[in-house]
Amino acid sequence: MRPILLIAATAAVLAAPRAAIANEISSLNGRESINDYMEQQEIDELKAWRSRNQVTSVNQFSDVRPTDWAYQALSNLVEKYGCAAGYPNGTYKGGQAMTRYEAAALLNACLERVTEVTDELQRLMDEFNKELAVLKGRVDGLEAKVGSLEAQQFSTTTKLSGLATFVVGGVSNNPAGEQVTFNYDLQLNLDTSFSGKDLLRTVLRAGNFDGVRNAFGGGLSTLEIAFQEEGGPDRVVVDRLFYQFPIGSQFTATFGGRVEQVDMLALWPSAYPSDTILNVLTLNGAPLAYNKNLGPGLGLWWQDNGWSVSANYVAANAADSTQGLFNSTSAGTSTVQVGYGQENWGLAAIYSYLTGGVGVPGATPFITTEIEENGASTNAFGLSGFWQPAEGGWVPSISAGYGLNRSSGTDLRSSQSWMVGLQWSDVLAEGNSFGMGVGQPAFATATRNGADTEKGVWAWEWWYQWQVTDAISVTPAIFVLNNPGGNQGGGNQVGALIKTSFQF
């Protein structure tokens, strides 16, 4: 009797909840089956579980350590997105498998957080709808312009840049004349890269600085930018054509049919000047070592942690089959430079061997004649360096250099040179510069066969660069040349000019 009563009582207890559930199911709107109802019940239970066990900091988990491999990921889930929960005892149990229900609860929490962020973004988009529309219009316009440029561009691998320079001025007591002249120098640079690391450089150039009839195109009064092709003024010619490419991470090789000696040097040891005036004061105090020989040539340099070693060879007459690339009459310059440079200072030692016929800028007429015309071979040494402050102000950048040369085969035995250049940045206005340079061009210190030595040969210059815009500058300058004729005589010279440069 008692077992029967126990079974009946149990059945009654179980039946009561089922009846209540049945009644609730029958009253549900939009739920078509018991399965729908049970799924909702499970979701409610999962939300309740997550609410009870949700944490706000990963440090609330007693079994999670900063050394755990997933610590950062768990920290982001908890503190950034608020969708990670633990167990009631304060543990996370990261090594324990989780049920599908627990995974669903955590995933649902993350999705809800994403929905909140999306709603916030939507409100911002609605608030700034007008501004976004304007930006979209501008972007569409830019895309159209980019498409037009790509369709009409000159080349996908070549960049064009240029420099046009006008010079108005004159030089007193100059054999070429004392009249005020107006001259120009135009350079067009075509830089092509096929790999993003190499460089094919083509420079087209034209000008009208006749060295015989223009005071700024010959002798020590020659400007650094003064150019004219031998065939006459206003002729566009190829001034440079060379290819440069890396070999590994530390070496760079260069070769070309028209390359200048200084194009193949890893370090230029001077910060003077930002806008060039006299050519002789741009050659690091050693114009025979840094002689800018131009012609067919090749070179290699190595760089590592500021150190560099450069070696190159240029022969001005190498295209002439009667003289060749390595002949004694090739007008060749063999150069080795060792240097060390940082962002605001650098130092370099250079050695160049000049064979007969090499053009030598920044030298007296006697030295020019002995090397260029009489074929003197010369061993040229130079030591140059610079330092510049981190910011513009009263302290100028300082550049200095010295050159010593030994010649054979002619009346010239030895010569020397030096220079010092000072430059102040942001003078009177930001972007403007003021500078002065002083030095001695290469002059004969020892001779043969009774030829006279030279002394008292000096060059001075002062200039102020007014940066009108980022691309236009105007530079008035004056210079003084003391005994520029050396042992060939002649008086002092004074020059004045206004130089206007356009970069594009």
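Predicted, not measured: the structure shown is a model, and the values here were computed from it. (Residues numbered from 1 in each chain as written. Predicted model: local features only at pLDDT ≥ 70, side-chain atom pairs only at ≥ 80, totals over all residues. Heavy atoms only, no water.)

**Q** How would you sum up the overall build of the chain? Please name residues and give values.
**A** Along the chain, the regular secondary structure elements total six helices and 16 strands. The burial tally for the chain puts 40% of its 504 residues in the buried class. Of the contacts made within the chain by residues no fewer than 6 positions apart, 59% connect residues no fewer than 24 positions apart. (Helix = DSSP H or I, 4+ residues; strand = E, 2+ residues; numbered from the N terminus. Buried < 20%, exposed > 50% of the residue type's maximum accessible area, 1.4 Å probe, protein only. Contact = heavy atoms within 4.5 Å.)

**Q** Requested: an account of the packing of aromatic side chains, with residues and values cited.
**A** Evaluated as defined, the whole model comprises 16 aromatic pairs. Arranged with centres 5.4 Å apart and planes meeting at 75°, the rings of Trp268 and Tyr290 form a pair that is edge-to-face. Highlighted residues: Trp268 in the loop between β5 (251-260) and β6 (294-304) and Tyr290 in the loop between β5 and β6, separated in sequence by 22 residues. An aromatic cluster of three or more residues is present, and its members are Trp418, Trp458, Trp460 and Trp462. (Phe/Tyr/Trp six-rings, centres within 6.5 Å; stacked < 30°, edge-to-face > 60°.)

**Q** Tell me about the pairing of strand β8 (residues 332-341), and please be specific about residues and values.
**A** The element β8 is largely enclosed, with a buried count of seven among its 10 residues. The pairing of strand β7 (residues 307-315) with β8 spans nine bridges and is classified as antiparallel. Bridge pairing in β8 links Ala311 to Val336. Bridging between β8 and strand β9 (residues 345-354) involves nine bridges; their strand directions are antiparallel. Opposite Gln337, over in β9, you have Ile350 as the bridge partner. In sequence, β8 turns back onto β9 through a hairpin of three residues. (Pairing = 2+ DSSP bridges.)

**Q** Residue-level account of the pairing of β5, with values.
**A** Across a regular strand the side chains alternate sides, sitting on one face of the sheet and then on the other. Direction of pairing for strand β4 (residues 237-247) relative to β5: antiparallel, over a ladder of seven bridges. When the bridges of β5 are listed, Phe245 appears paired with Ala253. Inspection of the sheet shows β5 paired to β6 by eight bridges, in the antiparallel sense. Residue pairing for β6: Ala253 is matched across the bridge by Leu300.

**Q** Tell me about the side chain of Glu260, and please be specific about residues and values.
**A** The topology assignment puts Glu260 in strand β5. Glu260 sits in the buried class, given a relative accessible area of 11%. Not counting residues within four places of it along the chain, the set of residues in contact with Glu260 comprises Arg240, Lys292, Asn293, Leu294 and Val314.

**Q** Report on the side chain of Thr355, specifying residues and quantitative values.
**A** Structurally, Thr355 is set in the loop between β9 and α6 (365-373). Here the side chain of Thr355 touches Gly332 through a polar contact of 2.8 Å, landing on its backbone nitrogen. Ignoring any residue separated from it by four or fewer positions in sequence, one finds Thr355 in contact with Ser328, Ala331, Gly332, Ala376 and Ser377. (Polar contact = N/O pair within 3.5 Å; in protein donor to acceptor, adjacent residues only side chain to side chain.)

**Q** Describe the environment of Leu428, with residues and values.
**A** Tracing the sequence through the fold places Leu428 in the loop between β12 (412-425) and β13 (433-447). Judged by relative accessible area, Leu428 falls into the exposed class, the value being 82%. A sequence separation of 38 residues divides Leu428 from Trp466, and the C-alpha atoms of the two residues are 9.4 Å apart.

**Q** Could you give me a rundown of the pattern of salt bridges, with the residues and numbers involved?
**A** Tallied over the full model, the rule gives nine salt bridges. Of the charged contacts, one joins Arg205 and Asp239 as a salt bridge, the two residues approaching to 3.6 Å between their closest N and O atoms. Pair noted here: Arg205 is in strand β3 (residues 199-207) and Asp239 is in strand β4, with a separation of 34 residues, a long-range link. Each of the two residues, Arg205 as well as Asp239, counts as buried. Close ionic contact of Glu224 with Lys292 constitutes a salt bridge, the shortest N to O distance being 3.7 Å. Linking Glu224 in the loop between β3 and β4 with Lys292 in the loop between β5 and β6, this pair joins segments that are 68 residues apart in sequence. Note on Glu224: relative accessible area 28%, which makes it partly exposed. Because the salt bridges share partners, they merge into one network encompassing Asp185, Arg205, Asp239, Arg240, Glu260 and Asp263. (Salt bridge = Lys/Arg side-chain N within 4 Å of Asp/Glu carboxyl O.)

**Q** Which residues make up a nonpolar patch on the surface, and what values do they have?
**A** Taken together, the side chains of Trp345, Leu347, Leu383, Trp387, Trp394, Val395 and Ile398 present a nonpolar region at the surface, about 780 Å² in accessible area. Elements with a minimum of two residues in the nonpolar patch: β9 and β10 (377-387). With respect to the helices, strands and loops of the structure, Trp387 is situated in strand β10. Exposure remark for Trp387: the relative accessible area of 36% places this residue in the partly exposed category. (Patch = residues over 30% accessible without salt bridge, like charges linked within 9 Å, V, L, I, M, F, W, Y side chains within 5 Å. Areas by Shrake-Rupley, 256 points an atom, 1.4 Å probe, with all protein chains shown as cover.)

**Q** How would you summarise unusual backbone geometry if you had to cite specific residues and measurements?
**A** Note the cis peptide between Tyr272 and Pro273, where omega equals -10°. As for its placement among the helices and strands, Pro273 is situated in the loop between β5 and β6. Although it is not a glycine, Lys292 adopts a positive phi angle of roughly 55°.

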